[in-house]
Amino acid sequence: MTAYTATVTVRLKHGVLDPEAETTKQALERLGFELDSLRSADRFEIDLEADSSGAARERADEMAERLLANPTIHDYDVEVDER
Amino acid sequence: MTVSIIRFGGSNCDRDAERALAHLDIDADIVWHEDGLPAETTGIVLPGGFSYGDYLRAGAMAARSPIMADVREAAADGTPVLGVCNGAQVGCESGLTDGAFTTNESARFQCEHVYLRVERDDTLWTAAYDEGDVIEIPIAHGEGRYEISEERLAELEDDDRVLFRYCDEDGEPSAEANPNGSKHNVAGILGDRETVAVLMPHPERATLPAVGPTDGQGILRGLESTDSSH
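About the cut-offs
- By convention here, each chain's residues receive numbers from 1 onward along its written sequence.
- Chain A is the first chain written and ligand 1 is the first ligand written, with later ones labelled in order.
- Per-residue local features of the predicted model are confined to residues with pLDDT of at least 70, and side-chain atom pairs are confined, for both listing and counting, to 80 or more; whole-chain, interface and lining totals are unaffected and use all residues.
- The basis for every side-chain value is the complete set of heavy atoms in the structure, and neither hydrogens nor water enter the calculation.
- Helix and strand assignments come from DSSP, with helices taken as H or I runs of at least 4 residues and strands as E runs of at least 2, each series counted from the N terminus.
- We define a polar contact as two N or O atoms separated by no more than 3.5 Å, with the added condition that, inside protein, one atom must be a possible hydrogen donor and the other a possible acceptor, whereas residues neighbouring each other in sequence contribute only through side-chain atom pairs.
- Residue contacts are defined here by distance: any two heavy atoms, one from each residue, within 4.5 Å place the two residues in contact.
- When two parts are brought into contact, each loses some accessible area as probed by a 1.4 Å sphere; the total of that loss over both is the buried area.
- Criterion for a salt bridge: a side-chain nitrogen of Lys or Arg within 4 Å of a carboxyl oxygen of Asp or Glu.
- Under the grouping applied here, Gly and all other residues not named as nonpolar or charged are polar, the nonpolar ones being Ala, Val, Leu, Ile, Met, Phe, Trp, Tyr, Cys and Pro and the charged ones Asp, Glu, Lys and Arg.

Draft legend 1. Highlighting the side chain of Q110 of chain B. Residues and elements named next belong to chain B. Its location among the elements puts Q110 in strand 6 (residues 110-118). A polar atom in the side chain of Q110 sits 3.4 Å from the side chain of N104. At a separation of 3.3 Å, a polar atom in the side chain of Q110 contacts the side chain of E112. Those residues in contact with Q110, other than ones at most four positions away along the chain, are N104, I139, A140, H141, P179 and N180.

See below:
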């Protein structure tokens, strides 16, 4: 078994309105910053042990599918690194 | 017959629902989610509130609690299930109904009275109304914007699964009358079976004459016309 950190990033699908990101963008603009747009995402860093990085990825994928992301509104990606 | 009102940690409209159902002479018990669904359950309410503190996403944790497997099974067997507000979010997260309720377009919590247009009058939940009726019911939510792909929403509309839409006083589902940016002004939808319905507005807060309009009574009456085999 090897120790891995699986990083799951969950973001809204393209085209799904993100009112919190829009509010954050406006707040940055009020502070005087110039920006075109802003997107936010949730990042989960999961420490786990698995036989291979593929197995770690598979488990993290299932976690995203079953809980961390809502497929109706979210896309997600998974990165796996040894730790 | 006994309606089970499922109480999760953080539910806070369970007692309102119980009181409203009692006013309508509908027998109901509050059931703690860890105790499982009672065998004599003839109808289910997923009440409003902030189950699990809205951690991760509103309704996400409650939707994956063990009792929801019982609720899905009962729903598949035809037991009426009504999800209100947080219960509607739980309903969508658990797959009882399509789509998702997410952050209001305003990014703010909104607590106000709204008008709903009754889209169908041939379901348990709307038998007391006529199609096109305008009813007044309060909302109180920060994550009530109905979100779904246009393709899937078109399919749901073709199947006549939209139960209520936000509208103005005259029944027009205008952008101005849409409090949270919901797609196509959707306020409530039906599941695969018409005995399953979820909505963001609170019918239990529009039932007791002492607290205002009573237009929500008809929706709750869907829980009294239950199949005697359950």
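Draft legend 2. Region of interest: the environment of G43 of chain B. Residues and elements named next belong to chain B. Within the secondary structure, G43 is located in strand 3 (residues 41-46). As for G43 and H33, which are separated by 10 residues in sequence, their C-alpha atoms are 15 Å apart. Once residues lying within four places of it in the same chain are set aside, the contact partners of G43 are T2, V3, S4, T79, P80 and L223.

Draft legend 3. Just the interface of chain B and chain A, in detail. Contact with chain B, which involves 15 residues of that partner, is made by 14 residues of chain A. Between chain B and chain A lies a buried interface of about 1,200 Å² when both sides are counted; carbon and sulfur atoms form 63% of it. At the junction of chain B and chain A, the tally comes to 0 salt bridges. Of the residues that constitute the side of chain B that touches chain A, the class distribution is 5 nonpolar, 4 polar and 6 charged.

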